[in-house]
Amino acid sequence: MTSRVRGLPDLDRCMVMGVINVTPDSFSDGGAFPDADSAIKHGRELLAAGADLLDIGGESTRPGALPVPPDEEWRRVGPVVSGLAAAGAKLSIDTMHAVTAERALAAGAVIVNDVSGGRADPALPRLVADAGVPYVVMHWRGHSTEMQSKASYADVLAEVVDELRRSVDDVCAAGVAEDQIVVDPGLGFAKNAEHNWQLLARLSELDVLGRPVLVGASRKSFLGHLLADAGEPRSVLERDDATTAITALAATAGAWGVRVHDVRSSADAVRVVAAVQAALHQTTGQRS
Ligand code: PMM
């Protein structure tokens with residue numbers, strides 16, 4: 001898979017993006033950081049655990065979540081972005097709002113992560129183009145309130161590729177440089193568990209888009225259902241081992257990055273995969 005993103009360091013392994021949701025209601029860690037200081041402390045812990053990037057969001061995208069106005073979103077994330085930028089972290093702002101992205105970039109964020117892939121706010125791709133920063137374009141079919149009704153596909157991989165290609169073309173038409181785009185299949189967004197497994201099984205086929213791929217499986221409900229006990233889904237905080245398994249699979253398939261809550265385990269997994277790949281190259285190099 002392609003791995004170069006202009007404006008970001010070129011690692012010889014999969015990137016680990018640590019998640020910080022400064023929301024009262026995210027499914028994975030909602031309410032865990034009631035104030036900016038606790039979120040900043042957590043960010044520092046994620047960096048110490050091996051995060052290459054931190055992704056900061058102030059609007060929950062769990063199915064059914066209501067939209068958050070940009071001023072409230074910024075009230076939540078602003079001090080966290082400033083505090084962690086001052087600590088030297090490479091920050092991504094997880095937002096669908098151009099005004100929030102603009103404030104975050106001014107406060108030190110260096111990447112925009114747009115789960116709508118440019119579809120929610122047409123001003124956002126234009127802002128990213130003007131700022132000249134890397135842009136995560138995720139596959140998206142609609143807001144949290146309606147997305148699960150759109151989880152219908154004949155061939156999920158083919159349709160996600162087509163729709164992502166259209167999003168990439170549209171944000172490029174708005175002026176975003178293609179070599180700054182990262183694509184993301186958007187696991188759980190207008191996708192049921194079977195769709196997520198299909199996408200993971202065929203992850204390397206996203207290579208046809210010619211852009212690096214970010215994978216966000218961490219703690220998502222399809223893992224809770226896979227690991228259910230007596231019909232009871234595994235609790236959110238007990239899905240990290242399964243998340244680590246997906247990190248290893250994604251890194252092996254050539255993903256550019258993984259977006260995870262528990263950084264240490266995924267950072268270890270990507271290093272294991274990198275060591276195996278290095279050994280493989282050495283062996284094939286010796287043979288040729
Ligand atoms: N998932 C969530 C939020 N932001 N961004 C990208 N690029 N990819 C994702 O899969 C993604 C995302 C929802 O999960 P969370 O509640 O754990 O943040």
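Analysis parameters
- The residue numbers shown here count from 1 along each chain, following its written sequence.
- Owing to the predicted nature of the model, reporting of local features is limited to residues with pLDDT of at least 70; listing and counting of side-chain atom pairs is limited to 80 or more, with chain, interface and lining totals taken over all residues.
- Only hydrogens and water are set aside when side-chain values are computed; all heavy atoms of the structure are taken into account.
- Secondary structure counts use DSSP, requiring at least four H or I residues in a row for a helix and at least two E residues in a row for a strand, with both numbered from the N terminus.
- For every residue, the accessible area (1.4 Å probe, protein chains only) is compared with the maximum for its type, and the residue is labelled buried under 20%, exposed over 50%, or partly exposed between those bounds.
- Contact definition: two residues touch when any of their heavy atoms are within 4.5 Å.
- In this tally, Lys and Arg are treated as positive and Asp and Glu as negative; His is ignored, and so are the chain termini.
- When a carboxyl oxygen of Asp or Glu is within 4 Å of a side-chain nitrogen of Lys or Arg, the pair counts as a salt bridge.
- We call two N or O atoms a polar contact when they sit within 3.5 Å, provided that within protein one can donate a hydrogen and the other can accept it, with sequence-adjacent residues counted only if both atoms are side-chain atoms.

Now for the environment of Thr145. Relative to the assigned elements, Thr145 resides in the loop between strand E5 (135-138) and helix H5 (156-173). Thr145 sits in the exposed class, given a relative accessible area of 51%. In this structure the C-alpha to C-alpha distance between Thr145 and Gln286, which are 141 residues apart in sequence, comes to 55 Å. When near neighbours in sequence (up to four residues on either side) are disregarded, Thr145 contacts Gly64, Ala65 and Leu66.

Here we come to the environment of Gly231. Positionally, Gly231 belongs in the loop between helix H7 (221-226) and helix H8 (240-252). Accessibility expressed as a relative area gives 68% for Gly231, which makes it exposed.

What follows is about unusual backbone geometry. Even without a glycine there, the phi angle at Ala190 is positive, about 55 degrees. Of note in the backbone geometry, Ala230 takes a positive phi value of approximately 50 degrees without being a glycine. Checked against the element boundaries, Ala230 lands in the loop between H7 and H8. For Ala230, a relative accessible area of 82% puts it in the exposed group.

Within the fold, Lys191 resides in the loop between strand E6 (181-184) and helix H6 (193-201). Of the side chains with opposite charge, Glu163 comes closest to the buried, unpaired Lys191, at an N-O distance of 7.2 Å. Of the polar contacts made by the side chain of Lys191, one reaches the backbone oxygen of Phe189; its length is 2.7 Å. Lys191 has contacts with His139, Gln148, Ala151, Tyr153, Val160, Pro185, Gly186, Asn196 and Leu199, leaving out every residue within four places of it along the chain.

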